[in-house]
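Architecture and fold: a report
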Amino acid sequence: MSAVRVLVGAQWGDEGKGKITDLLALESDLVVRFQGGGNAGHTVFKGDVPLKLHNIPSGILHRGTLCALGNGMVIDPGALLKEKKMLEENGVDTSGLRISGLAHLILPTHRLLDRALEGQRAIGTTGNGIGPAYTDKSARLGLRLLDFKHPEVFKEKLSKLLDYHNALLTKVFGLPPVDVEEIAETLLVQGSQLLPHLEDVSLLIDRFLAQGKSILFEGAQGALLDLDFGTYPFVTSSSTLAGGACSGAGIAPSRLGEVIGVCKAYSTRVGEGPFPTELLDERGIFLREKGREYGTTTGRPRRCGWLDLVALRYAVRLDGIDSLAITKLDVLDSLSEIPFAVAYRLKGEILGDFPVDPLELAQVEPVYETMPGWECDTSGARSFEELPRAARAYLDRISKILGVSISLVSIGPKREETFFVAAGVPVV
Ligand code: GDP
Ligand code: IMO
Ligand code: MG
């Protein structure tokens, strides 16, 4: 029987998905990204060297594991080639890279439009052209990687789209137009370098399933940044939930297996939007500095706060999370007590469920429960039993409140600073 697992971010992104994917990829034949693009920043370690991946799945460090970019992604060919080169310069074999021809292209004009739109309504995007590229996909104007196979048709489609983008840039935003010929030339050169990697990813998945091989789907961003269920409009433009793997990679829902939600032992968010447990005082600064909470893609400081079990319960439900991988537990090591939100208060009323109305969400006050900290170093722990009692009690409480088991714990950025938690382990 093949193992089909979906790994997703259960918060606002940057939960440590890259690190956990890298670990689980050891036992996977194929790792597939199914949404997003260069907005993602997933950090993995090759020995002592941190590598930042934006488009290529975090399984790429394992020779023999195929890594596919699914149809649900939006891809900037120049950025992808740069990432591939960076990996090769670090001694990583990229011959296992596969790209769906159905994935849409991010054009230089998508980046310009993304930044121009930010000037009008600040969402705090990563500026990578994600929203405009998905907009063109939905409007059926977009170009796909398979268009590179037919240069003449490609040029024709591109020139029509760029004429439209130029009208937007000049007439709506008062910016200079781009040079269509120059962009076409650059893209066709980049396209010719990517063509050898194109593959029917859905068919590849199907063949692997038939052969009983193991497949891991690697989500980008997190549940609360989902286009439909996140804190709209402060979201990304794709379906970040586990269900997105079906439409974003071409696998039927009935074939998906276990869903693993990755979640920090506290919360962070980068960009604008409501964040109920955000700490605007020195405690937030402490978490940012101790957790090195600066964006992998943009370098922006991440907003930090306590763990929010109301938001997490929402993610567990929407993603159908079977177990959680808890990361960055070590960041809490020195605290004498650890608060976490178990409910919200809205105009005197207690809410156990995450409100879908953003205006309500912006007004809620978290109701906290507090547990004693462990006040010692956990980074050397290599099994659940080696964690201090108070740390086990914290994890046990999270698991009990959410009704979900914890399958993995991470206590440092390196691959070896992680351990699996056997089912049924007595917690305290
Ligand atoms: P992703 O986008 O979900 O893959 O997460 P990022 O890579 O953007 O951010 C997670 C950051 O935390 C990276 O710098 C990781 O190296 C680091 N990290 C991951 N797990 C741990 C952990 O358990 N402890 C500590 N201290 N850092 C971690
Ligand atoms: P990973 O995969 C954290 C946020 C941006 C912004 C919003 C929209 O590393 O967890 P976009 O550029 O997607 O249009 O920006 O989404 N965002 C992320 N935040 N981690 C990410 O990816 C993110 N990708 C996008 O900061 O608020
Ligand atoms: Mg990240």
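The structure reproduced in this document is the subject of the present report. (Residues numbered from 1 in each chain as written. Chains lettered and ligands numbered in written order. Predicted model: local features only at pLDDT ≥ 70, side-chain atom pairs only at ≥ 80, totals over all residues. Heavy atoms only, no water.)

1. A closer look at the packing of helix 3 (residues 108-118) against helix 4 (residues 130-138)
We count it as follows: Angles shown run from 0 to 180 degrees and are taken between the N-to-C directions of axes, each axis being a line fitted to C-alpha atoms and, for helices, limited to the stretch in contact. Each helix corresponds to a stretch of at least 4 residues labelled H or I by DSSP, and each strand to a stretch of at least 2 residues labelled E; elements are numbered beginning at the N terminus. Orientation labels follow simple angle bins: below 35 degrees gives roughly parallel, above 145 gives roughly antiparallel, 65 to 115 gives roughly perpendicular, and whatever is left gives oblique. By definition, turning the near helix anticlockwise from the far helix through less than a right angle yields a left-handed crossing, and turning it clockwise yields a right-handed one. We call two residues in contact whenever any of their non-hydrogen atoms come within 4.5 Å of each other. Think of it as three bins: nonpolar holds Ala, Val, Leu, Ile, Met, Phe, Trp, Tyr, Cys and Pro, charged holds Asp, Glu, Lys and Arg, and polar takes everything else, Gly as well.
Contact pair helix 3 / helix 4: the axes reach a minimum separation of 7 Å and the direction vectors enclose 115°. Looking at the two axes, helix 3 sits roughly perpendicular to helix 4. Viewed along their axes, helix 3 and helix 4 form a crossing whose handedness is right-handed. Each of His110, Leu113, Asp114 and Leu117 in helix 3 lies in contact with helix 4, whose residues at this interface are Ile130, Pro132, Ala133 and Asp136. Broken down by class, the residue content of the contact of helix 3 with helix 4 amounts to five nonpolar, one polar and two charged.

2. Comments concerning the nonpolar core
Just so we agree on the cut-off: Here, the term nonpolar core denotes a set of buried Ala, Val, Leu, Ile, Met, Phe, Trp, Tyr and Cys residues that are joined through side-chain atoms within 4.5 Å. Accessible area is worked out with a 1.4 Å probe on protein chains only. A residue is then buried under 20% of its type maximum, exposed over 50%, and partly exposed in between. The split into domains, and so the bounds of each, comes from an automatic or database assignment of domains.
Counting residues in each nonpolar core, the largest one holds 64 residues, and the members touching the most others are Ile205, Phe217, Leu329 and Tyr394. Each of two domains, domain 1 (4-100 + 198-258) and domain 3 (262-420), supplies a minimum of three residues to this core. The contact partners of Leu329, leaving out residues within four places of it in the chain, are Ala265, Trp374, Thr378, Leu387, Ala391, Tyr394, Leu395, Val409, Ser410 and Ile411. Membership of the second largest hydrophobic core comes to 46 residues, among which are Leu23, Ile75, Leu143 and Leu161.

3. Notes on the side chain of Arg303
Formally: Identification of polar contacts relies on pairs of N or O atoms within 3.5 Å, with a donor-acceptor requirement for protein atoms, meaning one able to donate a hydrogen and the other able to accept it, and with residues adjacent in sequence counted only if both atoms are side-chain atoms.
Examined against the element boundaries, Arg303 turns out to sit in strand 13 (residues 303-305). A distance of 3.0 Å separates a polar atom in the side chain of Arg303 from a polar atom in the side chain of Glu278. Filtering out sequence-adjacent residues up to four positions away, Arg303 remains in contact with Ser267, Thr268, Arg269, Gly271, Glu272, Gly273, Phe275, Glu278 and Arg288.

4. Brief notes about the pattern of salt bridges
Put simply, the rule is: The salt bridge criterion pairs a side-chain nitrogen of Lys or Arg with a carboxyl oxygen of Asp or Glu, the two atoms within 4 Å.
Counted according to the given criterion, the structure contains 19 salt bridges. When the shortest N-O distance is used, the salt bridge between Lys400 and Asp396 registers 3.0 Å. Of the two residues, Lys400 and Asp396 both sit in helix 12 (residues 389-402), four residues apart, roughly one turn of that helix. By relative accessible area, Asp396 is classed as buried at 15%. One salt-bridge network, held together by shared partners, links Asp14, Lys264, Glu293, Arg302 and Lys328.

5. Let's talk about the site of ligand 1
Which entries qualify depends on this criterion: If even one non-hydrogen atom of a residue comes within 4 Å of a molecule or strand, that residue is called near it. Areas reported as accessible are Shrake-Rupley estimates using a 1.4 Å probe. Residue values count occlusion only from the protein chains shown. Method remark: on a 1 Å grid restricted to protein atoms, a set of points is classed as a cavity if a 1.4 Å probe fits but cannot get out and as a pocket if it is open with protein on both sides within 12 Å along at least five of seven lines; lining residues have an atom within 4 Å of a point. In this description, a molecule resides in a pocket or cavity if more than half of its atoms sit within 2 Å of the grid points defining it.
Of all residues adjacent to ligand 1, which total 18 residues, the nearest are Lys17, Gly41, Thr43, Asp330 and Ser410. Gly16 places a polar main-chain atom, nitrogen or oxygen, 2.8 Å from an oxygen atom of ligand 1. Contact distances for ligand 1 include 2.5 Å between an oxygen atom and a side-chain N or O atom of Ser410. Protein chains shield 91% of the accessible area of ligand 1, which is 580 Å² for the free molecule. Counting atoms within 2 Å of the grid points, the majority share of ligand 1 lands in the second largest pocket. Among the elements of the structure, helix 1 (17-24) and strand 3 (42-46) are those that each provide at least two residues to the shell around ligand 1.

6. Digging into unusual backbone geometry
The linkage connecting Tyr232 with the following residue, Pro233, adopts the cis geometry, with an omega of 5°. Examined against the element boundaries, Pro233 turns out to sit in the loop between strand 10 (215-218) and helix 8 (244-249).

7. Points about the site of ligand 2
Residues in close proximity to ligand 2 total 20 residues, the closest being Asp14, Lys17, His42, Thr126 and Thr236. Protein burial of ligand 2: of its 550 Å² of free accessible surface, 98% is covered by the chains. Its residues placed into classes, the shell around ligand 2 shows seven nonpolar, ten polar and three charged.

8. Digging into the environment of Pro274
Tracing the chain through its elements places Pro274 in the loop between strand 12 (267-269) and helix 9 (282-290). Given the relative accessible area of 14%, Pro274 is considered buried. When the C-alpha positions of Pro274 and Leu361 are compared, they lie 6.7 Å apart, and in sequence the two are 87 residues distant. Leaving out residues up to four positions away in the same chain, Pro274 has contacts with Trp12, Thr231, Phe234, Arg269, Leu361 and Ala362.

9. Here we look at the coordination of the magnesium ion (ligand 3)
Applicable threshold: In this analysis a donor is any N, O or S atom within 2.8 Å of a metal ion (3.2 Å for sodium, potassium and calcium), and since water is not included, sites may seem incomplete.
Asp14 (OD) and Gly41 (O) make up the full set of protein donors to the magnesium ion (ligand 3), lying at 2.0 to 2.2 Å. One end of the pair, Asp14, is in the loop between strand 1 (4-9) and helix 1; the other, Gly41, is in the loop between strand 2 (30-33) and strand 3, with 27 residues separating them in the sequence. Taking the relative accessible area as the measure of exposure, Asp14 reaches 21% and is therefore partly exposed. Taking the relative accessible area as the measure of exposure, Gly41 reaches 10% and is therefore buried.

10. Looking at the layout of surface pockets
Operational definition: Grid points are joined across faces, edges and corners, and a volume is the space filled by probe spheres set on the points.
Considered as a void within the structure, the largest pocket measures approximately 930 Å³ in volume. As for the largest pocket, its lining consists of 49 residues, of which Asn39, Ile130, Val235, Thr236 and Ser237 are closest to the centre. At the level of secondary structure, the elements contributing two or more residues to the lining of the largest pocket comprise helix 3, helix 4 and helix 8. The leading source of residues in the lining of the largest pocket is helix 4, at seven residues. Here the lining of the largest pocket is composed, by residue class, of 15 nonpolar, 26 polar and eight charged. In this structure, the second largest pocket spans a volume of roughly 780 Å³. Along its surface, the second largest pocket is lined by 32 residues, and Phe45, Gly291, Arg292, Lys328 and Pro413 are the ones closest to its centre. Of all the secondary-structure elements, those providing two or more residues to the lining of the second largest pocket are helix 1, strand 3 and strand 4 (49-53). The class makeup of the residues in the lining of the second largest pocket is six nonpolar, twelve polar and 14 charged. Looking at which domains feed residues into the lining of the second largest pocket, each of domain 1 (4-100 + 198-258) and domain 3 (262-420) gives three or more.

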